[in-house]
Amino acid sequence: MTTLLYIVGILVVAAAASWLFRAALIAVLPRPGKLLFRTMPLVASFGLLMIIIYVSAALFAPVIAPYGEAEVFDKFNALPGDDPRFLLGTDQIGRDLLTRLIYGGRNTIGIAFLTTVLAFLLGAIAGFLAATVGGWLDQLLSRTVDALMAIPQLIFALLLITIFGQSTINMILVIAVLDSTRVFRLSRAVAGNIVVMDYIEAAKLRGEGLGYLIFREILPNATPPLIAEFGMRFCFVFLLIAALSFLGLGIQPPLADWGSMVRDLSQFINYAVFAPLTASLPLMAAGAIALLTVSVNFVVDWMLHRASGLKE
Amino acid sequence: MSEAELLVTVRGLRIEGRSEDRWNEIVHGIDLDLHRGEVLGLIGESGAGKSTIGLACMGFTRDGCRITDGTIEFDGIDLRNISPARRRRILGRRIAYVAQSAAASFNPAHKIIDQHTEGPMIHHVMSVAESRADAIELYRRLRLPDPEHIGFRYPHQVSGGQLQRAMTAMAMSCRPDMIIFDEPTTALDVTTQIEVLAAIRDIVEQYNTAAIYITHDLAVVAQMADRIKVLLRGDEVEEADTRTMLAHPREEYTKSLWAVRTFAPPPKPPAPPTEVPVISVQNVSASYGAAPVLFDVSFDIHKGRTVAVVGESGSGKSTVARCITGLLPPTKGQILHNGTPLPPDYRKRSRDQLRQAQMIYQMADTALNPKVRISEILGRPVQFYTGLRGAERRRRVEALLEQIEMEPSEFYNRFPPELSGGQKQRIGIARALAAEPEFIICDEVTSALDQLVAEGILKLLDRLQRELGLAYMFITHDLATVRSIADEVVVMKNGEVVEAGPKPEMFTPPHHPYTDLLLSSVPEMDPDWLTNLLKQRGVENIGDAASARM
Amino acid sequence: MSGFGFDLLRLIAKRLGLGLITLFVVSLIIFLAVNLLPGDFAQEILGQGATEEAVAAIRRELGLDQPMVQRYLSWLGGALQGDFGTSFGNKRPVAELLGQRFLNTLFLAGVAAAIAVPLAVGLGVLAALYRNSVFDRVANVATLTSISSPEFFLAYILILFLAVVNPVFDSLSNVSPDLDFWTRLQRTMLPALTLTLVVTAHMMRMTRAAIINLLASPYIEMARLKGVSPARVIVHHALPNALAPIINVIALNLAYLITGVVVVEVVFVYPGVGQLFVDSVKIRDIPIVQACCLIFAATYILLNLTADVLSILSNPRLRHPK
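1. Focus: the overall build of chain A
- Within chain A one finds 12 helices and zero strands.
- Starting at the N terminus and walking to the C terminus, you meet the elements of chain A as α-α-α-α-α-α-α-α-α-α-α-α.
- Overall, chain A is about 75 × 55 × 35 Å in size when its C-alpha atoms are taken along their principal axes.
- In chain A, which comprises 312 residues, the proportion classed as buried is 55%.
- Within chain A, one finds 20 positive and 19 negative side-chain charges whose respective centroids are separated by 7 Å.

Now the structure itself:
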């Protein structure tokens, strides 16, 4: 019963905050922005607000966090409430958990973002080239991607990590390459729909080169779907990195990250009956992952809905 | 006619449509009466609201539309305020609908006859067995080939014209009091259109069914309707019986619609026999992959003259254009430009060779990049071909805009989606002119436009031709356009040239039988045209023409 | 006219052939990935301090002293007969280690699919029918949340409420072959529910989208204008055409289960292939990693292949050629 009350309470607060945020955006922004945000649903506003909070927390982690990322204290395995210096307690080697949680966000988000950008550069360039040049290049790239996509992504990632060894850099590269196959498929399809347009034919018949075609004619028309896709890809990459780290194969110590925090703290869940705050520690890290992903998805969902609505 | 009982009464109908998160009124208070056994033609250009009004007469609106005001009464029943269940008992049984695209409106998963018998079955009008027998009878009356078996095929196994007649039969299945025909022949070729028009008119007469016939084609509506209502942007312009309306239109708008068909620029003197043609297509054959699509096509285009290439869909007329521009290198034959052969592949042509042959497209929407400003759309070819930059380039673009009768200060910085269809097509013309070419291919440039706008484009093209001495290749399926602007005509069918020659010759008999069929199939603004044509051809002939096409 | 057309058979044969080629290419990738390593793999595994003899022994064991084509053929030949070589870790045959675990994983995925597929397709059809209603909006937010959550988050939430606070199920899935079906089901329930949550959300959204896409077709409008009732519109007019997209949705999500199973097995210490896989990755036990990859990839390809063939079969245009 109390749990239900808590949930309702949280939902009400979230709705109120999102409403206020949207009202503030409409009030502050110039006219085109006003029109855009006036029709934004509350969930999307919530998503946007959360993304802003996460990004600021990640950027200003050194300012917000009470201690340094790898700072070790003589008090280890402190439970929340044991020591006023450590709000959420300390881990088995004496690092402040609140600090680790904040830095974990910074690392996980930053690495996922970097990986997604890499995957996008790789996939989008190859996809646009395949669609514009066509012929053997398209065949070569498409068949390669088909073969790479015939193995489930997590499984392939694990195989490659076995081979290249466990390190953060390896993980970033492996995921970027594997995820670029998905970006390739989408950007090739998007560009493929644009390439058949008469204005591309007109530019080709004028004698324009590949660079002009891709950057001046195709890219401006491909940006909206690609931005939405970037949001979705970020979610996938973020979840994949979290999963790998949870398995102990992703982001490596001493970097803090949410996936491995969940694994390290998971035993506390069994204390739920007599120490609810302690039990919620692993859920906090896992929930932080879920909350960011869901926020991005809410915003992407709204963008896709707008795009499909405008087409009709 | 006027003594007949009133079947449908619509008063003060207002409908709103949703676009960009906002409701806008698209039908502004329309009144409409329809008597039993009467055919009312609803005519208007795109955006007139004619389909929306037609569907509203069934008490139906599409997603994203809503009726905000007015009454719709059908045989004493208030269609706007009855329960959905009661409306369903009327739809299909007492009011039926025939859609524009039969291919998309038949369910691909079921046989044609099973879709036919569904209505009578769910409305308990006939048993399935009775309805099947009746379907075969209707197919026979609609002159479908092999009426006993055609219904047992799936929709994708039957041609478009036949499917459209099968859909008319389906609409008849419950013997409704009224049928809404929503542009039933727009998607068909002219020769197929005749068969469908004749079939629809006969069946509606035989069963004394009332009908609302929606179309944008004046000549078609003249054959089908007893009365015509002209619509413009959701408002009624005027209404009269067909003969009165054709002979004495009252409103300026209606008169202007009628007048379109009379545009006829003065004829040009024939080209001197010794002149080297700008473009000469010589014995060109081409194929898509392994499938041959063009066979030994030859014709010449001279400076300052227009060659119209005419044919139905699949005739290969657009393929010829692709061969000339070099997008599809021919398998045999060659293209000469001022007597010199052009490289078959456009990638092998010099910048100057590319400059000399320009193209204007059918769909201005896809021909202009929506994310590029007019200044760049026109400025880029100017700079690319003539090397002008900065202020000089700007002056040239402004001059081009003036040439196509668009105000430079107003349009220089705009994006294509902000322009109307006709304005976009003008920008397409200006882009071709920017290259300062000798020769322009016009690919169905007016067929996506409303008639008045199309008229303006034709006049502009004619003026430019006389001023700049341009040679045009005009690809079209619309013979009215050919009649007004062509100097020479090339008739194509199944990838071959059937007949070619100067326009006056082509429009006077004797013709090749196919040219004859094509020419005589174009509806004319005479209410007796279809009746006379059918008499002249003999009813059996239409069936023959249909089977010959299969 | 009647029965299957030539085109249909040719399409299916083509698709099956393509599936076989894909399987072959995938086996090649898995094999080559291990063999095209920069540097000497044996050296890398043992570290810098390894003796010459130890490195040579590993090389022999991996067959690195033989030509690559021969090694590939003997590896593939063995795999086809169920022989995946010997584990580096405990020197036992890989097939023996995998056998029971593979059955366990199939059981887990089977239970999850048995709950998820009917639930998701049913809910998806309902959401499409009542689109833009309160139910649809709530379902949209709920499924998005579920998709956005990492599997381990859902798993720990379920453990918290169904194992710790209300001890209905065990938080550790200690299954073994000698258990009777119901005990086994009871112990598999928590991991199966976790997978169900993730997959149902995906599947429901895609089913909804597939049906809504179809409801915009002119032939659905035509059926409505014939006075056909909403239920008959869905069952008689939409569903026969929705088969292909729905089959694809199901196959795609069953394939997704394969990925989800790895993390979930680790959380619940479920003795399946996924757990063995992760453990082997950590100690770089190459023969086991290769075998697991091959098994997961083959399952994935077979599922997609089945979906493709079924949707070809459900297409009336192909079943009744001109």
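Here the narrative resumes.
2. Let's talk about the sheet that holds strand β19 (residues 488-493) of chain B
Residues and elements named next belong to chain B.
- The strand order β16-β17-β18-β13-β19-β20 describes an open sheet built from six strands, whose pairing is mixed. Pairing within the sheet leaves two strands with one partner each, and these edge strands are β16 (357-360) and β20 (496-502). Strand-to-strand twist in this sheet, taken as the mean axis angle between neighbours without regard to direction, amounts to 15 degrees.
- The pairing of strand β13 (residues 306-310) with β19 spans four bridges and is parallel. For A308, the partnering residue across the bridge sits in β19 and is V489.
- The strands touched by helix α22 (residues 513-520) within the sheet are β13, β19 and β20, with β19 carrying the most contacts at an inclination of about 105 degrees.

3. Focus on the pairing of β16(B)
All names here are of chain B.
- What you see with β16 is no split at all: A357 and M359 on one side and Q358 and I360 on the other are buried throughout.
- As paired elements, β16 and strand β17 (residues 439-443) share four bridges and run parallel to each other. Following the sheet pairing, Q358 is matched in β17 by I440.

4. Quick notes on the side chain of D462(B)
- As for its position among the elements, D462(B) is in helix α19 (residues 451-468).
- We classify D462(B) as buried; its relative accessible area is 12%.

5. Observations concerning unusual backbone geometry
- Residue D75(B) is not a glycine yet carries a positive backbone phi of 50 degrees.
- Inspection of the secondary structure puts D75(B) in the loop between β4 (65-74) and β5 (77-78).

6. Side note on a nonpolar patch on the surface
- Taken together, the side chains of L4(A), I7(A), V8(A), L11(A) and V12(A) present a nonpolar region at the surface, about 470 Å² in accessible area.
- With respect to the helices, strands and loops of the structure, L4(A) is situated in helix α1 (residues 2-28).

7. Overview of the nonpolar core
- In this structure, W258(A) and F152(C) are the most contacted members of the largest nonpolar core, which totals 146 residues.
- Tallying contributions element by element places helix α5 (residues 94-129) of chain C first for this core, with 16 residues.
- When residues no more than four places from it in sequence are discounted, the contact partners of W258(A) are Y54(A), L101(A), G104(A), G105(A), T108(A), I109(A), F238(A), A285(A), A288(A) and I289(A).
- M58(B), A199(B), I200(B) and L246(B) belong to the second-largest nonpolar core, a separate cluster that totals 91 residues.

8. A word on the interface of chain A and chain C
- Listed by partner, the interface residues are 39 residues for chain A and 47 residues for chain C.
- Approximately 3,800 Å² of surface area, both sides summed, lies buried where chain A meets chain C, with 81% of it carried by carbon and sulfur atoms.
- When the area that chain A buries against chain C is broken down by residue, the three leading residues are I155(A), T162(A) and I163(A), summing to 16%.
- R205(C) serves as the salt-bridge partner of D301(A), at 3.4 Å between the closest nitrogen and oxygen.
- Counting across the chain A and chain C interface gives five residue pairs in polar contact (both at pLDDT 80 or more).
- Secondary structure elements with two or more residues in the side of chain A that touches chain C: α6 (135-149), α7 (153-164), α10 (210-246) and α12 (276-311) of chain A.
- In terms of residue count, the dominant contributor to the side of chain A that touches chain C is α12(A) (10 residues).
- Partitioned by chemical class, the residues of the side of chain A that touches chain C number 29 nonpolar, nine polar and one charged.

What counts and how
- Residues numbered from 1 in each chain as written.
- Chains lettered and ligands numbered in written order.
- Predicted model: local features only at pLDDT ≥ 70, side-chain atom pairs only at ≥ 80, totals over all residues.
- Heavy atoms only, no water.
- Helix = DSSP H or I, 4+ residues; strand = E, 2+ residues; numbered from the N terminus.
- Buried < 20%, exposed > 50% of the residue type's maximum accessible area, 1.4 Å probe, protein only.
- Lys, Arg positive; Asp, Glu negative; His and termini not counted.
- Charge placed at Lys NZ, Arg CZ, Asp CG, Glu CD.
- Pairing = 2+ DSSP bridges.
- Axes fitted to C-alpha atoms, helices over the stretch in contact; angles between N-to-C directions.
- Contact = heavy atoms within 4.5 Å.
- Patch = residues over 30% accessible without salt bridge, like charges linked within 9 Å, V, L, I, M, F, W, Y side chains within 5 Å.
- Areas by Shrake-Rupley, 256 points an atom, 1.4 Å probe, with all protein chains shown as cover.
- Salt bridge = Lys/Arg side-chain N within 4 Å of Asp/Glu carboxyl O.
- Core = buried A, V, L, I, M, F, W, Y, C linked by side-chain atoms within 4.5 Å.
- Buried area = accessible area lost by both parts, 1.4 Å probe.
- Polar contact = N/O pair within 3.5 Å; in protein donor to acceptor, adjacent residues only side chain to side chain.
- Nonpolar A, V, L, I, M, F, W, Y, C, P; charged D, E, K, R; others polar.

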